[in-house]
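Each chain is listed here by its residues.
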Amino acid sequence: MTTEQFKAHFISGATGLSLSYACMHPLDTIKTRIQADTTGNWRRVVFSKATLHSLGKGFFVSALGAAGQGGARFGTYEFCKSRMLPKEKNGLTIPVTALSAVIGDLASSIIKVPREVITAKLQIDHYKPNSNGIRPNAAFVIRQTLIEEGPKGLFRGFWAIAARDSPFMVILLVSYENFKAFHHRSVREAFEKTREYSRLKQHKAVAGSAFEELEADIPTMRSILYGGVSGFLAGYLTTPMDVLRTRLIAQKASNQTMSVVQMAQFMISKAWSQPNSISSFQKSKNTYSAFFVGAIPRSVWWFGICGIFFPTYETLKSLMSNA
């Protein structure tokens, strides 16, 4: 991969992720407030005035942070894939894609984790308005977090986020790449049935070059569908770690803040101590409800983000490659 190609992937990833996060921010706020609530009454959370007033909180932090995150993530992902992926597709394709996805995500974590911490604290009103009624902004949240916890406060929940996003990126990108491969196979099969293919074959022309042009062009609606379904699936399956991340960030600074494991144990204990937790089935159901709270809003949110991101990313990448 050349420097120009890396730059194209970085800019495409930055623009695509920033745009998609900006468009889907209100739903992210609703999802985060549902997960931070410990009462279990999601309807009260969703339809409250506090949630309505919080829909735009953290918007600029999220959108701007997503630009750096997207650039680092997909620039690194494409670089690793280009270095490690064999020229001839074989059994290593999926493992290489998965490994590249994990490395790309870890590379973006230095931007992603502080962005999520600051955004989540704004969304759940972690810090209340002062005596003059002035609501905290991003600068206040950063300053107060550094005062209370030091630099590590901006990386609170790092391992929960890493444990959530590594499998998330593997599911997302492996699913999306397989959707693309399915599309390319369909295009090839359709092309082979055309008269143009027969004519090229008679003249002993190499049809592979024509295939490359077709592979580079995925229709926008298909890209939205492929990206959206991949995002929905990845978002739903990684909801438990997202819930843990939100609960960890929502903790007030003290000497007794819980670790990821302690928070998980606390949530399981609370689910099992509910009055209706008589049978093993009911305990399992309560545990599922505790760890998958906000799963549908999160999955729909990711459907929207990936449905916006991938068409934008693919289009920009193609335009910059051909420039």
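Here, every reference points to the structure presented above.
Computed from a predicted structure; not experimentally measured.

Participant: I'm lost on the overall build of the protein chain in this one. Help?
Facilitator: For the protein chain, the helix and strand inventory stands at 14 helices and 0 strands. Each helix (α) and strand (β) of the protein chain, taken in turn from the N terminus, gives the series α-α-α-α-α-α-α-α-α-α-α-α-α-α. Taken over 323 residues, the protein chain has a buried fraction of 46%. Put simply, of all contacts in the protein chain between residues at least 6 apart along the chain, 78% involve residues at least 24 apart. Carbon and sulfur atoms make up 64% of the accessible area of the protein chain, which totals about 16900 Å².

Participant: For this particular structure, what's the right way to read helix α10 (residues 220-237)?
Facilitator: Structurally, the α-helix is built with 3.6 residues per turn, so residues lying three or four positions apart point the same way. Compared with an ideal rise of 1.5 Å per residue, which puts 18 residues at 26 Å, α10 spans 26 Å between its outermost C-alpha atoms and is within 8% of the ideal. Those residues of α10 not exposed but buried are Ser 223, Tyr 226, Gly 227, Gly 228, Ser 230, Gly 231, Ala 234 and Gly 235.

Participant: For this particular structure, what's the right way to read the pattern of salt bridges?
Facilitator: Should the charged atoms of two oppositely charged side chains come close, the side chains can pair. Following the criterion strictly, the structure yields 24 salt bridges and no others. Where Lys 57 meets Asp 125, a salt bridge forms, and the shortest distance between an N and an O atom there is 2.3 Å. Pair noted here: Lys 57 is in the loop between α3 (49-54) and α4 (59-84) and Asp 125 is in the loop between α5 (93-123) and α6 (138-149), with a separation of 68 residues, a long-range link. Of the two residues, Lys 57 and Asp 125, both sit in the buried class. Linking Lys 121 and Glu 149 is a salt bridge whose minimum nitrogen-to-oxygen distance equals 3.6 Å.

Participant: Would you mind going over the packing of aromatic side chains with me for this structure?
Facilitator: Here a ring pair, both rings aromatic, is described through the centre-centre distance and the interplanar angle of the planes. Under the definition given, this model contains 17 aromatic pairs. Ring plane angle 50 degrees and centroid distance 5.2 Å describe the contact between Phe 74 and Tyr 313, whose orientation is recorded as tilted. Of the two residues, Phe 74 sits in helix α4 while Tyr 313 sits in helix α14 (residues 295-322), which places them 239 residues apart along the sequence. Take Tyr 313: its relative accessible area is 2%, and that puts it in the buried class. An angle of 85 degrees between the planes, with centres 5.7 Å apart, marks the rings of Tyr 127 and Phe 140 as edge-to-face.

Participant: Before we go on, may I ask you to explain the layout of surface pockets in this structure?
Facilitator: Vacant regions in the atomic arrangement are exposed by a probe of water-molecule size rolled over the atoms. Of the pockets and cavities examined, the second largest pocket occupies roughly 650 Å³. Along the wall of the second largest pocket there are 28 residues; nearest its centre are Gly 40, Asn 286, Ser 289, Ala 290 and Val 293. Listed by contribution, the elements that provide at least two residues to the lining of the second largest pocket are α2 (42-46), α12 (260-272), α13 (280-291) and α14. At 6 residues, α13 tops the list of elements feeding residues into the lining of the second largest pocket.

Participant: Sorry, what's going on with the nonpolar core here?
Facilitator: It is characteristic of soluble globular proteins that their nonpolar side chains tend to be buried jointly. Residues Tyr 21, Phe 74, Met 169, Leu 172, Leu 173, Trp 302 and Phe 310 are the most contacted members of the largest nonpolar core, which totals 22 residues. Sorting the residues of this core by element identifies α1 (3-36), α4, α7 (158-192), α10 and α14 as the ones contributing at least two each. Element by element, the count of residues in this core is highest for α14, at 7 residues. Of all hydrophobic cores here, the second largest spans 13 residues; its members include Ile 34, Leu 244, Ala 271 and Phe 291.

Conventions we followed
- Residues numbered from 1 in each chain as written.
- Predicted model: local features only at pLDDT ≥ 70, side-chain atom pairs only at ≥ 80, totals over all residues.
- Heavy atoms only, no water.
- Helix = DSSP H or I, 4+ residues; strand = E, 2+ residues; numbered from the N terminus.
- Buried < 20%, exposed > 50% of the residue type's maximum accessible area, 1.4 Å probe, protein only.
- Contact = heavy atoms within 4.5 Å.
- Areas by Shrake-Rupley, 256 points an atom, 1.4 Å probe, with all protein chains shown as cover.
- Expected span 1.5 Å × (residues − 1).
- Salt bridge = Lys/Arg side-chain N within 4 Å of Asp/Glu carboxyl O.
- Phe/Tyr/Trp six-rings, centres within 6.5 Å; stacked < 30°, edge-to-face > 60°.
- 1 Å grid on protein atoms, 1.4 Å probe; cavity = no way out; pocket = protein on both sides within 12 Å on 5 of 7 lines; lining within 4 Å.
- Points joined across faces, edges and corners; volume = space filled by probe spheres on them.
- Core = buried A, V, L, I, M, F, W, Y, C linked by side-chain atoms within 4.5 Å.

In short, shape yes, function no, at least from these values alone.
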